[in-house]
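# Working through the structure, step by step
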Amino acid sequence: MDVTTFRVDLVRTVDESYPVVVGRRLDERIARFLERHRDRRIAVVTDSTVESLAVPALAAALGDRAFDVFAFPAGEASKTRAVKERLEDAMIARGFGRDSVVVALGGGVVTDLAGFLAATFTRGVPYVSAPTTLLAAADAAVGGKTAVDTPAATNLIGAFHQPSAVFVDLDRWLTLSDRHIREGLGETVKHACLADAAFFGALEDAFVRQGMTPAQFVRDDALAELTARRNCEIKRDFVVSDVHEGNRRMGLNLGHTIGRALETAMGYEMNHGECVAVGLALQARLGERHGYVGAADVARVEALLRSIGLPYRLPAGVSVQAVMDAMLHDKKGRAGAIRFVFQKGIGGLVTFDGGAYARPVDAAEVRDFLASQAS
């Protein structure tokens, strides 16, 4: 029989713009925004820690507006397909359908997982991102990258699904431990390194010169607001220019090639921001070997991380081979080479042939480099 071929013409213009609100005591703002979704049922997705800390205030702001809470055990170990499936089944059991709006109330695990759930539930429902940690506000809240982890690598299964709005409530940071504040500062230093030398200088002045502690940082209105705003603005600029990570948005992976692999190799004993800090310092050292950054700037990066209280060396006893295996399984690994983003001095990124923001580095070179940095 004859072969018939025809074309499906599907040209779409979609406006996925959304507001990012930074301030304190934002529960009323969230409630007012949800009035735009008055015809939708509210599913608040959170974890077992945030449920008791943040849900009561949101409930008070919502008043007589009905909502359901779907909580899961706190921690990176819950960011899996299995937990997502349990949440979906629970929503279905309570009668949720296409008339749903998801509120992701929590840290990066919550926003990643709830965003992915919203992307796939009845083929996609809107969600509001309400990050409760500095890390989530800096990393997961803006940009629409949602995902879960697998045993092979973090964030390997996911979807691009933009939030309807983001609310960064600085009062939430007051409940964080010093370790969790430092974790968010790891991503913050990354943003300063890749896009804003003046922001790096402000952090340097606070932590290196003034000796600011994490607890003092979250109570410093000016610096906390600057941090939240510049984190979101820098991420916004990269996302708007490259929504689906075709090239420029890869710049946000600075420090993540080694950092995410270290997370996996350590079985998540180190938190994300700590691993990013190590990855950030090591990419600077590797970049120095290639002439992308000078020794003085490498020293500044390490001094800032050290002053914050973040690690900047491979932890003692970590298996270099385990880190390599994780890197080669990651989305950034390709046929015997590993793609790296490199900073250019402080506040910029190196671009390569054709304007690429990442370049392959031979796996053997990366292995030798890591071995030279191991304790």
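Read on for an overview of the structure. Bear in mind that the values here come from a model prediction, so they are computed numbers and not experimental data.

## Focus on the overall build of the chain
A tally of helices and strands in the chain yields 14 helices and eleven strands. Relative to its length of 375 residues, the chain is compact, with a C-alpha radius of gyration of 21 Å against a globular reference of 21 Å. For the chain, the spread of C-alpha atoms along the three principal axes comes to 75 × 60 × 35 Å. Per-residue burial over the chain gives 56% buried out of 375 residues. Nonlocal contacts in the chain, meaning residues at least 24 apart in sequence, comprise 76% of its contacts between residues at least 6 apart. Of the accessible surface of the chain, which amounts to about 16,000 Å², a share of 51% is contributed by carbon and sulfur atoms. Computed over 44 positive and 47 negative side-chain charges, the separation of the two mean positions in the chain equals 1 Å.

## Thoughts on the packing of aromatic side chains
For the coordinates displayed, the defined rule picks out seven aromatic pairs. Taking 5.7 Å as the distance between ring centres and 20 degrees as the angle between the ring planes, the aromatic pair formed by Phe340 and Phe342 counts as stacked. Exposure class is identical for Phe340 and Phe342. Each is buried. Between Lys84 and the ring centre of Phe116, over which it is positioned, the NZ or CZ distance is 4.4 Å.

## Some words on the sheet that holds strand S3 (residues 67–72)
Each strand in a sheet pairs with its neighbour through backbone hydrogen bonds, running either in the same direction (parallel) or in the opposite one (antiparallel). Across the sheet, six strands lie side by side as S1-S8-S5-S4-S2-S3; this open sheet has parallel pairing. With partners counted over all chains shown, the strands left at the sheet margins are strand S1 (20–23) and S3, one partner each. Geometrically, the sheet is characterised by an average inter-axis angle of 15 degrees between neighbouring strands, direction not taken into account. When strand S2 (residues 41–47) meets S3, the two strands line up parallel, connected through six bridges. Residue Thr46 lies in a different strand from S3, and its bridge partner there is Ala71. Here helix H2 (residues 50–62) sits on the sheet and contacts S2, S3 and strand S4 (100–106); the angle it forms with S2, its principal contact strand, is near 155 degrees.

## Some words on a nonpolar patch on the surface
The grouping of Phe6, Val8 and Leu10 at the surface amounts to a nonpolar patch, some 420 Å² of accessible area in total. Secondary-structure assignment places Phe6 in the segment before S1.

## Quick look at the nonpolar core
Formed by 46 residues in total, the largest nonpolar core has its most connected members in Val168, Trp173, Val189, Phe200, Phe207, Phe217 and Leu305. Listed by contribution, the elements that provide at least two residues to this core are helix H5 (134–138), strand S8 (165–169), helix H6 (178–195), helix H7 (197–209), helix H8 (214–219), helix H9 (221–241), helix H11 (272–289) and helix H12 (295–308). Look past the residues within four positions of Leu305 in its chain and what remains in contact with it is Val189, Ala277, Leu280, Ala281, Leu310 and Tyr312. Of all hydrophobic cores here, the second largest spans 28 residues; its members include Leu262, Met266, Val323 and Ala326.

Calculation rules
Residues numbered from 1 in each chain as written. Predicted model: local features only at pLDDT ≥ 70, side-chain atom pairs only at ≥ 80, totals over all residues. Heavy atoms only, no water. Helix = DSSP H or I, 4+ residues; strand = E, 2+ residues; numbered from the N terminus. Rg over C-alpha atoms; globule rule 2.2 N^0.38 Å. Buried < 20%, exposed > 50% of the residue type's maximum accessible area, 1.4 Å probe, protein only. Contact = heavy atoms within 4.5 Å. Areas by Shrake-Rupley, 256 points an atom, 1.4 Å probe, with all protein chains shown as cover. Lys, Arg positive; Asp, Glu negative; His and termini not counted. Charge placed at Lys NZ, Arg CZ, Asp CG, Glu CD. Phe/Tyr/Trp six-rings, centres within 6.5 Å; stacked < 30°, edge-to-face > 60°. Lys NZ or Arg CZ within 6 Å of the ring centre and 35° of its normal. Pairing = 2+ DSSP bridges. Axes fitted to C-alpha atoms, helices over the stretch in contact; angles between N-to-C directions. Patch = residues over 30% accessible without salt bridge, like charges linked within 9 Å, V, L, I, M, F, W, Y side chains within 5 Å. Salt bridge = Lys/Arg side-chain N within 4 Å of Asp/Glu carboxyl O. Core = buried A, V, L, I, M, F, W, Y, C linked by side-chain atoms within 4.5 Å.

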